[in-house]
Amino acid sequence: PHTGRLALYLLGLQATCPPLSPHRSLVTWLKYYLEEDWTGSQQRGHPVTSYYQYGLGVLALCVHRKRVRDEVVRRLLTAQHHGRLGHSGNTVDTEAVVALAFTCLERRRLVGSALAAKLRLAAHEASRNIAKAQGPDGVIGNIYSTPWAMQVFLATGECQTELAFGQAMAALLENLEAFGTAATMAQVLPVLHGHSYLDIAAMHCGEEPDTLTPLDMEPLLEVPGNKTVQLVVECPLPWCYDLQLYDRLVPVPATASLLDVLQAAAVLEPHEFRFHTQDTPQGPFLTQVLGLEARPEKRNYWQILSAPNTPLQMGIADYRPQDGATVILRLSEW
């Protein structure tokens, strides 16, 4: 089911103040996807996609002022209560999306009073958990989950009293270059203007001035020449036969992204280096390297670092390593 992608599209569509309701059938499809998302994996007791996408679906329906079955809401409540939304920093964006959905449902009175009280408590609990996930640099989870976390503080009214909000805003302002795609810009722009996605539901579209004009995007300047990037693949997990599985210099054009580096390595040595990615709203996500697949059920992922040990804060299609840089792909556990 395309739950998350359709939910983000409907949130964006509502924010543009469409003249009528041409998207009514899309809202119906989203309700259908929410049911398909769950029944497709009923025996496991969790969505086929993820709780992040499932929460996004509930949030988008709420912003469009559409009711969802109480059972759908209780699935998210149960997952949060039993700590199934994720682990450590990886759960921040999921817990934030779920908290926004809870707050929206309660404020819009789309659930009964008893369930609304539970949602209010759950949203504030999520807000406290999110604040605890903040690092010394002000980032909450990672740089991309930080805007989601700040939306929760804004939606619950805790931005005035929560010290984490000011520290997170400072971190965002220092890392704005990380938000280079439409999807990531859509997460950070509302926060920079003091809004959350919940505010979309309260927009008075008749008062919105028609000021949107097309923007002519300037192409990236071509930088002549090439650069060389040291590409290293590591597997420190006990079941790997060796710590360092790959270590090569990869020549690429001067403007190449990390994704370009990976593709160049695969062309240079197709029998030695191979990788797979998965498309996400934030761009391609690295899922497999040298035949080793990162799987959430095994609690591992491909961590990308700039040597010696600095985690990458950008997507592989956005990060452009410098000439002579060493990039490490490390299969890690969470």
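Here the structure is a predicted model, which means the values were calculated and not measured.

Cut-offs applied
Note that residues are indexed from 1 along each chain, following the sequence as it is written. Local features in a predicted model are, by the rule used here, given only for residues with pLDDT of at least 70; side-chain atom pairs are given and counted only at 80 or more, and totals for whole chains, interfaces and linings are based on all residues. To get the side-chain values, all heavy atoms of the structure are used, and hydrogens and water are removed first. Any Lys or Arg side-chain nitrogen located within 4 Å of an Asp or Glu carboxyl oxygen qualifies as a salt bridge. What counts as a helix is a DSSP run of H or I of at least four residues, what counts as a strand is a run of E of at least two, and both are numbered from the N terminus. Exposed residues in this analysis have more than 50% of their type's maximum accessible area, buried residues have under 20%, and partly exposed residues fall in between, with area computed by a 1.4 Å probe over protein chains only. Surface patches are defined over residues having more than 30% relative accessible area and no salt bridge, joining like charges when they lie within 9 Å and nonpolar side chains (Val, Leu, Ile, Met, Phe, Trp, Tyr) when within 5 Å. Per-residue and other accessible areas follow the Shrake-Rupley method at a 1.4 Å probe size, with only the shown protein chains counted as cover for residues. UniProt positions are given in the numbering used here, feature names are shortened, and annotations may be inferred rather than shown by experiment. In the analysis that follows, any N or O atom pair within 3.5 Å is treated as a polar contact, provided that within protein one partner can donate a hydrogen and the other can accept it, and provided that, for residues neighboring in sequence, both atoms belong to side chains.

**Brief notes about the pattern of salt bridges**
All told, the structure shown has 5 salt bridges when counted by the stated rule. Here Arg-69 and Glu-35 are joined by a salt bridge, their closest N and O atoms 3.1 Å apart. Placement of the pair is Arg-69 in the loop between helix 3 (51–63) and helix 4 (70–81) and Glu-35 in helix 2 (residues 24–39), with a sequence separation of 34 residues. One salt bridge in this structure joins Glu-269 and Arg-248, with 3.2 Å as the shortest N-O distance. Pair noted here: Glu-269 is in the loop between helix 10 (258–268) and strand 3 (275–280) and Arg-248 is in strand 2 (residues 244–253), with a separation of 21 residues, a long-range link. A residue is classified by how much of its surface remains accessible, and Glu-269, at 22% relative accessible area, is partly exposed. Residue classification places Arg-248 among the partly exposed residues on the basis of a relative accessible area of 30%.

**Digging into a nonpolar patch on the surface**
A surface patch of nonpolar side chains, about 410 Å² in accessible area, is lined by Leu-173, Leu-176, Met-185, Leu-189 and Leu-192. Considering every element that reaches the nonpolar patch, the biggest residue donor is helix 9 (residues 182–192), with 3 residues. In this fold, Met-185 is placed in helix 9.

**Digging into the UniProt feature "binding site: cyanocob(III)alamin" (unreviewed entry) in the protein**
UniProt marks Thr-49, Ser-50, Tyr-51, Tyr-52, Gln-53, Asp-93, Asn-142, Gln-187, Leu-312 and Trp-334 with the feature "binding site: cyanocob(III)alamin" (unreviewed entry), using the numbering shown here. Relative to the helices and strands, Asn-142 is located in the loop between helix 6 (113–132) and helix 7 (146–155). Look at Asn-142 and you get partly exposed, because its relative accessible area is 31%. A distance of 2.8 Å separates a polar atom in the side chain of Asn-142 from the backbone nitrogen of Tyr-144.

**Side note on unusual backbone geometry**
Each neighbour pair has its own omega, and for Ala-307 with Pro-308 the value is 5 degrees, a cis peptide bond. Here Pro-308 shows up in the loop between strand 6 (300–306) and strand 7 (310–311). Unusually for a residue other than glycine, Arg-65 sits at a positive phi of about 60 degrees. Take Arg-65: it is sitting in the loop between helix 3 and helix 4. Despite not being glycine, Leu-290 shows a phi value in the positive range, around 55 degrees.

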